[in-house]
Amino acid sequence: MVSELPDLIEQHFPVNDRRSVAGHSMGGHGALVVALRNPDRYSSVSAFSPICNPVNSPWGQKAFINYLGADRELWKAYDACELLNQVSEVVPTLVDQGSEDTFLHEQLKPEALRKAVEDAGYSMTIRMQEGYDHSYYFITTFIEDHIRFHSEWVL
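Residues numbered from 1 in each chain as written. Predicted model: local features only at pLDDT ≥ 70, side-chain atom pairs only at ≥ 80, totals over all residues. Heavy atoms only, no water.

*Asks:* Pulling in residues and values, what's your account of the packing of aromatic side chains?
*Replies:* Counted according to the given criterion, the structure contains seven aromatic pairs. Centre to centre, the rings of Y132 and F142 are 5.0 Å apart; their planes meet at 75 degrees, and the pair counts as edge-to-face. Of the two residues, Y132 sits in the loop between β4 (125-129) and α8 (136-154) while F142 sits in helix α8, which places them 10 residues apart along the sequence. Here F142 falls in the buried class, since its relative accessible area comes to 10%. (Phe/Tyr/Trp six-rings, centres within 6.5 Å; stacked < 30°, edge-to-face > 60°. Helix = DSSP H or I, 4+ residues; strand = E, 2+ residues; numbered from the N terminus. Buried < 20%, exposed > 50% of the residue type's maximum accessible area, 1.4 Å probe, protein only.)

Quick look at the structure:
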């Protein structure tokens, strides 16, 4: 995501060096982490229903144990909430979350992201979309907003 994919795209398509990244759920978590860790490589980031605080989420803990081992200190380098304590450069960010997402409080933890943003003084737009869940319908309803958001930063 940080080097190989952009290099491949830049070799085969007429693009510039302004990049954006977006994702859903675990991919939303990945998009946030990649942008926060590489603010010089990304002009904007957006996420739908991201796993915001995986060091405190059952899904995140399971993934981290399998990929990184049991050392929880290593996990912090891949958690958006933890990374917000360390960043000095702001990447414009849009996060959409559905209020009826069954994974909202146990897995996704947007309240932790909101608090981390506030504590760090980081500028980020976090929107709670009433009545929406974790579905493809949620994404298709708001994808135009995300495309417009990214177009402000990359065009």
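Further notes follow.
*Asks:* Residue-level account of the nonpolar core, with values.
*Replies:* L84, L113 and M124 are the most contacted members of the largest nonpolar core, which has 23 residues in total. Looking at this core, the elements that each hand over two or more residues are α2 (26-37), β2 (44-48), α5 (80-83) and α7 (110-120). Examining the composition of this core, we find that six residues originate from one element, α2, more than from any other. Contacts of L84, omitting those with residues within four sequence positions, involve L36, L113, A116, V117, A120, Y122 and M124. (Core = buried A, V, L, I, M, F, W, Y, C linked by side-chain atoms within 4.5 Å. Contact = heavy atoms within 4.5 Å.)

*Asks:* Could you give an account of the pairing of strand β3 (residues 93-98), naming the residues involved and the relevant values?
*Replies:* Within β3, six of the six residues are buried, leaving the element largely enclosed by the surrounding structure. Of the two faces of β3, the one carrying T93, V95 and Q97 and the one carrying L94, D96 and G98 are both buried. Bridging between β3 and β4 involves five bridges; their strand directions are parallel. Bridging from a neighbouring strand, V95 pairs with I126 of β4. (Pairing = 2+ DSSP bridges.)

*Asks:* If you had to explain the pattern of salt bridges to someone new, which residues and values would you point to?
*Replies:* The tally for this structure, following the rule as stated, stands at six salt bridges. The partner of R19 in a salt bridge is E10, and the shortest N-O contact between them spans 2.6 Å. When its relative accessible area of 31% is taken as the criterion, E10 is described as partly exposed. Close ionic contact of R148 with E144 constitutes a salt bridge, the shortest N to O distance being 2.5 Å. In this pair, R148 and E144 are both assigned in helix α8, four residues apart and thus about one turn of the helix distant. The class for R148 is exposed, based on a relative accessible area of 52%. Three or more residues joined by partner-sharing salt bridges are found here, namely D96, R127 and D145. (Salt bridge = Lys/Arg side-chain N within 4 Å of Asp/Glu carboxyl O.)

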